[in-house]
Amino acid sequence: MNIRLALIGGGTQPFRVDLPTYQGLVTNETTGRAFADVPAIDVSPDVAAFVAAYPTFDLVTPLPVPFPASLASSWAEFLARRYDLGEARWHPVVF
Amino acid sequence: MRVSSYAVARPNYYDRNATATNLSYNDTAAPHGATTRFIVTVAAGKKLYMEVLAIAYFRATAASAAGQQQAYSASYDGVTESVLLYDSTYNNTTLAGAGPLQRVVVSSACTVYAGQSIYTVSSDGSTAGTIAFRLAGKGTTFDA
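Predicted model, so just to flag it, every value in this text is computed and none were measured. (Residues numbered from 1 in each chain as written. Chains lettered and ligands numbered in written order. Predicted model: local features only at pLDDT ≥ 70, side-chain atom pairs only at ≥ 80, totals over all residues.)

Go over the overall build of chain B, please, and point to the residues and values.
In terms of regular secondary structure, chain B is built from zero helices and nine strands. A buried classification covers 33% of the 144 residues belonging to chain B. The long-range share in chain B, meaning contacts at least 24 apart out of those at least 6 apart in sequence, stands at 80%. (Helix = DSSP H or I, 4+ residues; strand = E, 2+ residues; numbered from the N terminus. Buried ≥ 20, exposed ≤ 12 C-beta atoms within 10 Å, placed from the backbone. Contact = placed C-beta atoms within 7 Å.)

Let's hear about the nonpolar core: which residues, and what values?
Counting residues in each nonpolar core, the largest one holds 41 residues, and the members touching the most others are Val17, Tyr22, Leu25 and Ala36 of chain A together with Phe38, Ala71 and Leu135 of chain B. Once residues within four sequence positions are removed from consideration, Ala71 of chain B is found in contact with Ile55, Tyr57, Ser88, Thr120, Val121, Ser122, Phe133 and Leu135 of chain B. (Core = buried A, V, L, I, M, F, W, Y, C linked by C-beta atoms within 7 Å.)

Outline unusual backbone geometry, supporting the account with residue identities and numerical values.
All names here are of chain B. If you check the backbone angles, Asn17 has positive phi at about 50° while not being a glycine. Residue placement: Asn17 occurs in the segment before β1 (19-29). For Asn17, a count of 12 C-beta atoms within 10 Å gives the class exposed. Although it is not a glycine, Ala128 adopts a positive phi angle of roughly 60°. Counting through the fold element by element, Ala128 comes out in the loop between β8 (117-124) and β9 (130-143).

Here it is in structure tokens:
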């Protein structure tokens, strides 16, 4: 599913979003936002519900409601379990 | 009681709950710093046989000053180390007009293990103008 996420990176690191798997990244380095096509299997149901509730159409307009910290931490745990790599390596944020 | 055992060969990888892993970035981009256009990380209990990685790009609209254009694919071991699989860097700063730039690279196959990643990065150091990128990957993810 297509999700607008916070962009990380810069300096010596490539710009990217903090997810294990995505494609088709379209970025706005000024606003720090990016659209990415994320596999549905990597998106927890509560995050999918949040994305559906607050659709985004550009890389500039802020979300009407900030992404809750509780959703961010639960998504990180969801990814850690799916990839079972011993720690929450990824901390994606809908932005 | 009869105890028997059978020496049964493991199914081929493409017969072990295999799913296609398709990766792509097809877009026309203004000058930008190094940006990871796609990445795939192998989940626990899986392996990924990466069959094709391809890079093609060309100048779509003229730049006022052409800079270095680059796209590369690399693998990441999930801990510290990235290994460059191949690189397509075009550092000709004289060809600013649309059309003449085109680079195509296709890799050979490699296997990626749980926790490891394959990703492709693009960048364009020109001033103004756009580059059309056609970055792709096709693999098979299967039970380890």
